[in-house]
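# Chain and residue survey
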Amino acid sequence: MMKVLANMPEFQSIVSMQDLDVAEVEQLIGRAEDFKAGAQLKLTEPVYVSNLFFENSTRTHTSFEMAERKLGLTVINFNPQASSMSKGETLHDTALSLDAVGVNLLVVRHPQNDYYNELLGHSDLSLGLINAGDGSGEHPSQSLLDMMTITEQFGGFTGLRVAIIGDLTHSRVARSNMEILQRLGAELFFSGPRAWYSEEFAQYGTYLPIDDLVEKTDVMMLLRVQHERHPDEQAFDTQAYFERYGLTKERASRLPEQAIIMHPGPINRNVELASELVEGKQSRFVTQMQNGVYMRMAMLESVLRGNHLGGLV
Amino acid sequence: MMKVLANMPEFQSIVSMQDLDVAEVEQLIGRAEDFKAGAQLKLTEPVYVSNLFFENSTRTHTSFEMAERKLGLTVINFNPQASSMSKGETLHDTALSLDAVGVNLLVVRHPQNDYYNELLGHSDLSLGLINAGDGSGEHPSQSLLDMMTITEQFGGFTGLRVAIIGDLTHSRVARSNMEILQRLGAELFFSGPRAWYSEEFAQYGTYLPIDDLVEKTDVMMLLRVQHERHPDEQAFDTQAYFERYGLTKERASRLPEQAIIMHPGPINRNVELASELVEGKQSRFVTQMQNGVYMRMAMLESVLRGNHLGGLV
Amino acid sequence: MMKVLANMPEFQSIVSMQDLDVAEVEQLIGRAEDFKAGAQLKLTEPVYVSNLFFENSTRTHTSFEMAERKLGLTVINFNPQASSMSKGETLHDTALSLDAVGVNLLVVRHPQNDYYNELLGHSDLSLGLINAGDGSGEHPSQSLLDMMTITEQFGGFTGLRVAIIGDLTHSRVARSNMEILQRLGAELFFSGPRAWYSEEFAQYGTYLPIDDLVEKTDVMMLLRVQHERHPDEQAFDTQAYFERYGLTKERASRLPEQAIIMHPGPINRNVELASELVEGKQSRFVTQMQNGVYMRMAMLESVLRGNHLGGLV
């Protein structure tokens, strides 16, 4: 059953899509497809992993835990609210403690951008690290599962027209995806409220109103409006947002036949897209979540190998 | 060791006692007794279960987790406070995500009556579901462990005199139990504050003051006063409640010799009953909790079979 | 690989260092060193353990969980905030429930001194118990891992000069350690704010200013300033504390060469000691945390044996 890729990538940590070159992204997609086809990993030594989620999460958290259990890792529980961080301990000192008690690998989500700089490159820490999302920075596992889902549909990226639409400012998904999509050869467009399209995005792609995009897009990547990050939430009119920027049924009807609709979840129904579209033929939300487990297995394996864990050879 | 009943019931979900006919209740009790006697289940494929408890619980939550582990299921952690439901995601979309990442079975407790209608009968969900309590609706696992405990004492239900006493209005235990007890052939009585005895209960049994009941009751089912659900809590006089409606030592002394005292827990000592009675000879509180694990194993097995999980044949 | 000590101690519970005589402490250290050298325990029956942490913890909580998993115990999750204790259930009744559902062993941290008296010596409870810290009472697992760490450095305790420095009033670590260190034959000194040195400590050792101690101390045990327990926190001047009572680099430079610096964690850097010293040659913080897992394995094993759990012979 098990098939090890000739060039299985090995990493000490994965914190940003910029850590990965195009070949490595393709190798990880290949390995995730192996797992999806039933490949199994046989660990000969126990590996201990802790998932440190300092932001709320259902999909990413349970997806990583599922991936860990499918690989046979032992999960050591960690609840931030019940930890010594509430007594003022730093993330670095917390990681140092977990390392000392024998945790081999951390999966961390944290509200602060680049929090991982506190953990990497310190000689006192020997833990492997996977970034499960840092503030509005990066979200590499989401990005990789998105690339896997696109590859399943289109076979590749060259010339593919991808639109990233919505709450760009707060989106680590947008940041991780635009970076790798450009390198993979896709053509990028952005949409949503114009005010959320800044200089940062201009170097990756053009802004267009959604009505000018729908007919010529292969991949519509909708971003969640992150209500909890908008200071001025009271003023936000979800109905107006839906009408001006959302994927209504009418707009969806103008998509090319082969186009797919993606969303990292959780979806605000009738805000980013019409609720009826969630279960539609072109939606890939469920596929994204399914692929997420297999991609995270591939990422975890590459970090196990990079840290010589689990007795893998 | 393992003995599979000829007529082991199979269910896609168990959410209400009304899902079960009398024969199925008896089969589940039989299977729970098998587990109590040491029967083991051998799963040949991994099964992933998540326990979603949106209300506080010690007994039911740990009892389900213990049953799951004894059956060899893999528990995927889920903490409602740390989930995306705090970002506004619905229970249905949360279940959809858990389903997509590969969770096979949900055990859910939720403050809203009939919350499960949001989850059942949707073609997009393929998860098995066990209701671990919905608002003031139903509590089928408690009801089944209660029936098991009564069966152990009396062998059957025909003509058995059962009194359900206390906080009827808020009690899902009362609702689940009166429904099935009537079908099983028991004679029902209610007691406690008269104001808590409404039309709904009249069709199942007669109201009587506790002093008129104690001498002719086989089973005293005491219900917890759910302080947290009484809006006017300040006014509640626990001493007065105990004296008028509680099982005092004096009242307990008038119970028939074979009678048993039950309570779903947690017990308010010296409110529903005298503290000294908790460890008394006629109390079945510990037996109820012990039986709960075996009954939940039986329920879980029936839902595994109903969803073709675990490679059971 | 496995080597069982001839005189492996057996306990029903471990709640205080006063439960242990000197020989038992030495046996536990010996057994912990076995585990550190790779000894493994082979359970032939499943053992279920719950960790009940009513105070925040990273080190102790994850260390116990790691020890449990390395021994092959099955951890049943328990979250105090989501338990029935938030409905007013007592710790005793909670333990009774966990016992009834089949939990064999509790590891408990609780803010109330001597909370364990509520659990011990009750005929209705058959659970084993390990105290993971009670208020300002005791912290036996920390104490034992400290004794193990000192033994590794010095081989024994007779005549060893140990200074316990800092927040004595609130420190269960100080209480557990001074008691056992005296019995083991060490010479004790205390330092830190004089107001925190009370009668209670005088019977164990002398108070000295830190500058009079550094040159003649073998073991410096620094205690965390427990900011969260000081009512008058605003007035606390961390800079002044560090200068008067802390281990500055200058003071550390005057320590004897063989001396070691210990701290139970979490460390307040630049309060109890200079941040640069944390990773210094004489620091044993990481060793303490590493040893903690092995010592807790030894403690758990002795309680498994004392309760005839796991099929150990």
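Keep in mind that what you see is a predicted model, and the values were worked out from it rather than measured. (Residues numbered from 1 in each chain as written. Chains lettered and ligands numbered in written order. Predicted model: local features only at pLDDT ≥ 70, side-chain atom pairs only at ≥ 80, totals over all residues. Heavy atoms only, no water.)

## Considerations on the interface of chain B and chain A
Reports often express the size of an interface as the amount of accessible area lost when the parts come together. The line we're drawing: The contact criterion used is simple: two residues touch if any of their non-hydrogen atoms lie within 4.5 Å. Buried area adds together the accessible area that both of two parts lose upon being put together, with accessible area traced by a 1.4 Å probe. Take a side-chain nitrogen of Lys or Arg and a carboxyl oxygen of Asp or Glu: if they are within 4 Å of each other, that pair is a salt bridge. N or O atoms closer than or at 3.5 Å make up a polar contact, with two conditions inside protein: a donor-capable atom paired with an acceptor-capable one, and, for residues adjacent in sequence, both atoms drawn from side chains. Think of it this way: any DSSP run of H or I at least four residues long counts as a helix, any run of E at least two long counts as a strand, and we number them from the N terminus. For this classification, Asp, Glu, Lys and Arg are treated as charged, while Ala, Val, Leu, Ile, Met, Phe, Trp, Tyr, Cys and Pro are nonpolar and the rest, including Gly, are polar.
Across the boundary between the two partners, chain B contributes 25 residues, which contact 22 residues of chain A. Across the interface of chain B and chain A, roughly 2,100 Å² is buried in total on both sides, 53% from carbon and sulfur atoms. At the boundary of chain B and chain A, one finds 2 salt bridges. As a salt-bridge pair, Glu89(B) and Arg59(A) come within 3.0 Å of each other at their nearest N and O atoms. Linking chain B with chain A are 10 residue pairs in polar contact (both at pLDDT 80 or more), by the criterion used here. Put simply, the parts of the chain that give the side of chain B that touches chain A at least two residues each are strand E3 (74-75) and helix H3 (91-101) of chain B. The biggest single contributor to the side of chain B that touches chain A is H3(B), with 8 residues. Across the side of chain B that touches chain A, the residue classes tally to 11 nonpolar, 10 polar and 4 charged.

## Some thoughts on helix H5 (residues 172-184) of chain C
Residue and element names in this part refer to chain C. How we decide: A helix is expected to reach a length of 1.5 Å times the quantity of its residues less one. Exposed residues in this analysis have more than 50% of their type's maximum accessible area, buried residues have under 20%, and partly exposed residues fall in between, with area computed by a 1.4 Å probe over protein chains only.
End to end, H5 covers 18 Å across 13 residues, agreeing with the expected 18 Å (1.5 Å per residue, within 8%). Of all 13 residues in H5, 11 are buried; the element is thus mostly enclosed. Turning to H5, its buried residues are Arg172, Val173, Ala174, Arg175, Ser176, Asn177, Met178, Glu179, Ile180, Leu181 and Leu184. Its side-chain oxygen at 3.2 Å from the backbone nitrogen of Val173, Ser171 defines the N-terminal cap of H5. Two residues or fewer after H5 comes Gly185, characterised by a positive phi angle close to 100°.

## Looking at the UniProt feature "binding site: L-aspartate" (unreviewed entry) in chain A
Residue and element names in this part refer to chain A. Under the convention used in this document: UniProt positions are given in the numbering used here, feature names are shortened, and annotations may be inferred rather than shown by experiment. For each structure, a 1 Å grid was placed over the protein atoms alone; sets of points admitting a 1.4 Å probe that cannot get out are labelled cavities, open sets with protein on both sides within 12 Å along at least five of seven lines are labelled pockets, and lining residues have an atom within 4 Å of a point.
Here, the residues flagged by UniProt with the feature "binding site: L-aspartate" (unreviewed entry) are Lys87, Arg172 and Arg224. In sequence the annotated residues extend across 138 residues, and in space they extend as well, their farthest C-alpha pair lying 33.1 Å apart. Taken from the residues named earlier, the lining of the largest cavity is made up of Arg172 and Arg224. Along the polypeptide, Arg172 turns up in helix H5 (residues 172-184). Residue Arg172 is classed as buried on the basis of its relative accessible area of 8%. Tracing the sequence through the fold places Arg224 in the loop between strand E9 (219-222) and helix H8 (238-245). Assessed through its relative accessible area of 7%, Arg224 is described here as buried.

## Looking at unusual backbone geometry
A negative phi angle is the norm for most residues apart from glycine, just as the trans form is the norm for most peptide bonds. Residues Gly265(B) and Pro266(B) are joined by a peptide bond in cis, for which omega reads -10°. When you line up the elements, Pro266(B) lands in the loop between strand E10 (260-262) and helix H10 (285-306). For His308(A), which is not glycine, the phi dihedral falls at a positive 55°. With respect to the secondary-structure elements, His308(A) resides in the segment after helix H10 (285-306). A relative accessible area of 68% places His308(A) in the exposed class. Even without glycine at this site, Asn270(B) takes up a positive phi of about 65°.

## Details of the interface of chain A and chain C
Counting from both sides, the interface comprises 25 residues of chain A and, opposite them, 22 residues of chain C. Summing both partners gives a buried area of about 2,100 Å² for chain A against chain C, and 53% of it is carried by carbon and sulfur. In this structure, the connection of chain A to chain C is made through 10 residue pairs in polar contact (both at pLDDT 80 or more). Within the residue set of the side of chain A that touches chain C, elements represented by two or more residues are strand E3 (74-75) and helix H3 (91-101) of chain A.

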